[in-house]
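Architecture and fold: a report
As a plain string of letters, each chain reads:
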Amino acid sequence: MARFNFNPGPAALPKSVLETAQKEFTNYDSTHMSVLELSHRSKSYEDIHFEAVKRLRSLLDIPEQYEVLFLQGGASQQFAMVPMNFLNSEQSASYIVSGSWSEKALKEAKSIGQAEIYASTKDTNYTKIPDVHSIQNINEKTAYVHLTSNNTIYGTQWRDFPETDTTPLIADMSSDILSRRFDVRSFSLFYAGAQKNLGPSGVTVVVADRQFLEKSRKDIPTIFSYQTHVEKHSLYHTPPTFSIYMLNLVLKWVEEQGGIDAIESLNKQKAEKLYDAIDHSNNFYKGHAEVASRSAMNVTFTLENKELEELFLQEAEEAGFSGLKGHRSVGGLRASLYNAVPLEAVNALCSFMDDFRHRHQ
Ligand code: PMP
């Protein structure tokens, strides 16, 4: 039986990537060692490390004046590192709160300095993204504006990003990086934990404008300073070598798929197909997010008859579909359609949903 993985993260990885890793596992590139056993100072590892940087630069069209870093601690560590580096006592940081992850980012900023909510959609239970046009006239004392590009738990996603003029814009892109084209130059810094579209957990990608990085605070612990990692090319301490090796394989796979544009077009197709199944179900299934804010990565929905949700999950699991349980804070169901989830999986899920509806309507 086929197994279709809709996990929210860690999530599906391309089968061919897993097979390559398996093939190379005990003897990487004729070294007779596993990547796990290589020194991070060896040429073999450094080649992997810098190839991954190069690939990411090319896929996301990252300009020369931006640094690409591979750090640890997940996106959660970035919640703290951003204010540690960029929030000083004369300034305040503005957070656009569109879900639980933005709430967590704000909480960390408040533990470092002054931070406030610039806009929030909490009053609608995060069914939508704030109006992009409402983000304007930002106070010049604002250190930066922070947003979450895709809300993994609620299934909402920014279509267009706000223009913040001279105020630096920072984004947590953990759950939609590499899924669509965007202009890197709109951001002073963005970050993403790898475990959705980039590879396994363990590595966190940070991309930042060099001029912005130069403004970072110097009075913080070495390990949390972006400058430390810039100066040492993310080799200040032992990086998560195997995660970076896997990231490099995933990036190669994205290139082979035709790059970001091809991936984006397939992602659109997948999301449309599933939202269509929800919208044409006679209200048997109901989407959580407002249509204009719907995410192409995480499709959140409930069943009109809540009592059927447990049965849906049980039957889905038996039919080969994993990871469909919604996050505990929203309930219901969630299908995560990251890059490595094939259209075939979405087609199979839609058929299962139609069949389940016809049996229980
Ligand atoms: N931000 C977003 C949007 C997320 O989806 C997640 C994890 N699901 C996080 C932050 C936290 O990431 P990590 O577990 O890597 O710290």
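Along each chain, residue indices are assigned from 1 in the same order as the chain's sequence is written. Whole-chain, interface and lining totals are the exception, using all residues; otherwise, since this is a predicted model, local features are given only for residues with pLDDT of at least 70 and side-chain atom pairs are given and counted only at 80 or more. To get the side-chain values, take all heavy atoms of the structure and skip hydrogens and water.

Within an unreviewed UniProt entry, the label attached to the chain reads Phosphoserine aminotransferase, and the organism entered is Texcoconibacillus texcoconensis. Reading the Function (unreviewed entry) entry of the UniProt record for the chain gives the comment "Catalyzes the reversible conversion of 3-phosphohydroxypyruvate to phosphoserine and of 3-hydroxy-2-oxo-4-phosphonooxybutanoate to phosphohydroxythreonine." UniProt positions are given in the numbering used here, feature names are shortened, and annotations may be inferred rather than shown by experiment. UniProt lists a comment for the chain under the heading Sequence similarities (unreviewed entry), and it reads "Belongs to the class-V pyridoxal-phosphate-dependent aminotransferase family. SerC subfamily."

1. Comments concerning the packing of aromatic side chains
Think of a pair of aromatic rings as described by two things: how far the centres are apart, and how the planes are tilted against each other in angle. Any pair of Phe, Tyr and Trp rings, taking the six-membered ring for Trp, is counted once the centres come within 6.5 Å. Such a pair is stacked with planes under 30 degrees apart, edge-to-face with planes over 60 apart, and tilted for the rest. For the structure shown, the criterion picks out 24 aromatic pairs. Aromatic side chains Phe79 and Trp101 sit 6.5 Å apart centroid to centroid with 45 degrees between the ring planes, which places their arrangement in the tilted category. With Phe79 in helix H3 (residues 74–86) and Trp101 in helix H4 (residues 100–112), the pair connects residues that are 22 residues apart, well separated along the chain. The classification of residues rests on relative accessible area computed with a 1.4 Å probe and restricted to protein chains. Under 20% of the type maximum is buried, over 50% is exposed, and intermediate values are partly exposed. What makes Phe79 buried here is its relative accessible area of 3%. Overall, Trp101 belongs to the partly exposed group, its relative accessible area being 31%. Taking the centre distance of 5.2 Å and the plane angle of 50 degrees together, the rings of Phe242 and Tyr245 count as tilted. Of this pair, Phe242 and Tyr245 are both found in helix H7 (residues 241–256), three residues apart, which corresponds to roughly one turn of the helix. Judged by relative accessible area, Phe242 falls into the partly exposed class, the value being 22%. Labels follow the DSSP assignment, with helices taken as runs of H or I lasting at least four residues and strands as runs of E lasting at least two, numbered in each case from the N terminus.

2. Some thoughts on the UniProt feature "binding site: L-glutamate" (unreviewed entry) in the chain
The sites that UniProt annotates as "binding site: L-glutamate" (unreviewed entry) are Arg41. Any two residues whose heavy atoms approach within 4.5 Å are treated as being in contact. In this view, Arg41 contacts Glu46, Leu235 and Tyr236; residues no more than four positions away in its chain are not counted.

3. A closer look at the UniProt feature "modified residue: N6-(pyridoxal phosphate)lysine" (unreviewed entry) in the chain
Residues given the UniProt feature "modified residue: N6-(pyridoxal phosphate)lysine" (unreviewed entry) here are Lys196. Tracing the backbone through its elements, the reader meets Lys196 in the loop between strand S9 (189–193) and strand S10 (204–209). Take Lys196: its relative accessible area is 12%, and that puts it in the buried class. Apart from the residues lying within four places of it in its own chain, the contact partners of Lys196 are Pro8, Gly9, Ala11, Ala12, Thr152, Ser174, Ser175 and Tyr338. In terms of polar contacts, Lys196 uses its side chain to reach the backbone carbonyl oxygen of Pro8, at 3.0 Å. For this analysis, a polar contact is any N or O atom pair within 3.5 Å, provided that within protein one partner can donate a hydrogen and the other can accept it, and provided that sequence-adjacent residues contribute only side-chain to side-chain pairs.

4. Quick word on the side chain of Ser149
Position of Ser149 among the secondary structure elements: in the loop between strand S5 (142–148) and strand S6 (150–151). By relative accessible area, Ser149 is classed as buried at 0%.

5. Re the site of the ligand
The near set for a molecule or strand comprises every residue that places at least one heavy atom within 4 Å of it. As a matter of local geometry, the ligand sits amid 13 residues, with Ser76, Thr152, Asp172, Gln195 and Lys196 nearest to it. Backbone polar atom of Ala75 to an oxygen atom of the ligand: 3.1 Å apart, as the coordinates give it. A distance of 2.6 Å separates a nitrogen atom of the ligand from a polar atom in the side chain of Asp172. The greatest single-element share of the shell around the ligand, amounting to four residues, is contributed by H3. Residues were grouped as follows: Ala, Val, Leu, Ile, Met, Phe, Trp, Tyr, Cys and Pro as nonpolar; Asp, Glu, Lys and Arg as charged; and all remaining residues, including Gly, as polar. Among the residues forming the shell around the ligand, the class breakdown is three nonpolar, eight polar and two charged.

6. Some thoughts on the confidence of the model for the chain
Think of pLDDT as the predictor's per-residue confidence, scored from 0 to 100. With 100% of its residues at a pLDDT of 70 or more, the chain has an overall mean of 97. Across the assembled chains, the prediction reports ipTM 0.99 with pTM 0.98.

7. Structural notes on the environment of Val207
Looking at where Val207 falls in the secondary structure, it is placed in strand S10. Classification of Val207 by relative accessible area gives buried; the value is 0%. For the pair Val207 and Leu56, spaced 151 residues apart in the sequence, the C-alpha separation amounts to 9.9 Å.

8. Topic: the layout of surface pockets
Quantified by volume, the largest pocket comes out at close to 350 Å³. What lines the largest pocket is a set of 16 residues, among which Gln157, Arg159, Lys268, Arg294 and Ala296 lie closest to the centre. When grouped by side-chain class, the residues that make up the lining of the largest pocket number five nonpolar, four polar and seven charged. Using protein atoms alone on a 1 Å grid, points that fit a 1.4 Å probe yet trap it form a cavity, whereas open point sets bounded by protein on both sides within 12 Å along at least five of seven lines form a pocket; residues with an atom within 4 Å of a point count as lining. Grid points are joined across faces, edges and corners, and a volume is the space filled by probe spheres set on the points.

9. Let's talk about the environment of Met173
For Met173, the position within the fold is in the loop between strand S8 (169–172) and S9. With near-sequence residues (within four places) excluded, Met173 lies in contact with Ser149, Phe182, Phe187, Phe190, Tyr191 and Ala192.

10. Section: empty space enclosed by the protein
Scanning the model with the defined rule gives four cavities of 30 Å³ or more in all. Approximately 50 Å³ is the volume found for the largest cavity. Around the largest cavity, the lining residues are Ala12, Leu13, Pro14, Lys196, Asn197, Leu198, Gly199, Val250, Trp253, Asn339 and Ala340. Here the residues of the lining of the largest cavity are counted per class, giving seven nonpolar, three polar and one charged.

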